[in-house]
Amino acid sequence: MNVLKRKSTQNVRYGEAPFKYLIPFRLLIILACVGMGYFVYSNWQDWLERFDSKPITAYALVGKTEFTDYADVHDVLLKMGTLKGFWGQDVKSIQTQLETLPWVKGAVVRKIWPNRLSIWLTEYTPVAIWNKTEFVTKDGTVFQLPMDRLKNQTLPYLGGPDYQSSKVLEAWNQIYSDFKAKNLNVKGVTIDDRGAWQVTLDNDIVLKLGRGEWQSKLERFVTIYPQIEVSENKRIDYVDLRYKSGAAVGMVEK
């Protein structure tokens, strides 16, 4: 008698067991790589410094500077103490210190083998004296500069709160151009904390314009200025145009 044997229906999956053991092994490899990377990152600067045989002791100013000289750079580097060598010195820290010079807009520092620095400085360019002791650029940036380093002694005198610098520059450009066309020369424009304007001519006459709109007041001055009678022993000190019409004229002894 033939007996039929029922085949087993159990599914057999091959290859699963080995991969289950690979998963934690891969995690260990990843963790080891991360740890190694962190170790290298944390110590690479110390390793590079071991290749240095001597510190950086020389530098060169690349490009033309108007206000900065070698003595300024020397003082900045001296305050940093002894520099590291070619491999160990971080140039970003030097750039940061050079940019503390108030007239320096930006600095680029590169290392030159074996112990030198190449330094490129960008300086602010003054277009006017600001509040008598500072300077302002054409984009309204206010900065400091020793007055004895200023080569152009004919800069206009502008003034006001620092946040008003662009507004004052715009007014100066318009007033200077308009008066120049009428054979009048302006040497200064200021605005005070209350928003009151003053214009100073090259003969030191002060035009008091007050707050708000000032164009019509200057037009009025141009009209009445030739009509002002001045005694021989006096000169015009100011013209007050803070009125709806006319003006008050102040005189002083010569």
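Structural data are supplied above this passage.
Since this is a predicted model, take the numbers as computed values, not measurements. (Residues numbered from 1 in each chain as written. Predicted model: local features only at pLDDT ≥ 70, side-chain atom pairs only at ≥ 80, totals over all residues. Heavy atoms only, no water.)

Caption draft 1: Geometry of helix α2 (residues 70-79). Among all positions of α2, only D72, V73, V76 and L77 are buried. Seen end-on, α2 carries its buried residues on one side only, within an arc spanning 130 degrees. Counted as exposed and oriented over 90 degrees from the buried face of α2: L78 and K79. In the core, the buried residues of α2 are packed alongside β1 (58-62), α3 (91-98) and β3 (116-123). The N-cap residue of α2 is D69: its side-chain oxygen and the backbone nitrogen of A71 are 3.2 Å apart. (Buried < 20%, exposed > 50% of the residue type's maximum accessible area, 1.4 Å probe, protein only. Helix = DSSP H or I, 4+ residues; strand = E, 2+ residues; numbered from the N terminus. Arc of directions from axis to C-beta. Contact = heavy atoms within 4.5 Å. Polar contact = N/O pair within 3.5 Å; in protein donor to acceptor, adjacent residues only side chain to side chain.)

Caption draft 2: Representation of the sheet that holds strand β2 (residues 104-112). Read across the open sheet, the 3 strands follow the order β1-β3-β2; overall the sheet is mixed. Each edge of the sheet is formed by a strand with only one pairing partner; in this case those strands are β1 and β2. When strand polarity is set aside, the average angle formed by the axes of neighbouring strands in this sheet is 25 degrees. Here β1 pairs with β3 via 5 bridges, running parallel. Opposite A60, over in β3, you have S118 as the bridge partner. The strands touched by α2 within the sheet are β1 and β3, with β1 carrying the most contacts at an inclination of about 135 degrees. Relative to β2, α3 is tilted by about 150 degrees, and along the sheet it contacts β2 and β3. (Pairing = 2+ DSSP bridges. Axes fitted to C-alpha atoms, helices over the stretch in contact; angles between N-to-C directions.)

Caption draft 3: Broad picture of helix α4 (residues 165-180). The end-to-end C-alpha distance of α4 is 22 Å, a good match for the 22 Å that 16 residues give at a rise of 1.5 Å each. When α4 is considered as a whole, its buried residues turn out to be S165, V168, L169, A171, W172, I175 and F179. The arc enclosing the buried residues of α4, seen along the axis, measures out at 165 degrees, which places them on a common side. (Expected span 1.5 Å × (residues − 1).)

Caption draft 4: The environment of V222, seen in detail. Tracing the backbone shows V222 in helix α5 (residues 215-224). On the accessibility criterion, V222 (22% relative accessible area) is partly exposed. Sequence separation of V222 and F179 is 43 residues, and the distance between their C-alpha atoms is 8.5 Å.

Caption draft 5: Just the pattern of salt bridges, in detail. Taken as a whole, this structure holds 4 salt bridges when the rule is applied. A salt bridge links R149 to D72; its shortest N-O distance comes to 2.7 Å. With R149 in the loop between β6 (142-143) and β7 (157-159) and D72 in helix α2, this pair connects stretches of sequence that are 77 residues apart. Judged by its relative accessible area of 8%, D72 is buried. Here D204 and K187 are joined by a salt bridge, their closest N and O atoms 2.4 Å apart. (Salt bridge = Lys/Arg side-chain N within 4 Å of Asp/Glu carboxyl O.)

Caption draft 6: Region of interest: the side chain of E134. Along the chain, E134 falls in strand β5 (residues 134-136). The buried charged residue E134 lacks any salt bridge partner; its closest oppositely charged side chain belongs to K132, at an N-O distance of 13 Å. (Lys, Arg positive; Asp, Glu negative; His and termini not counted.)

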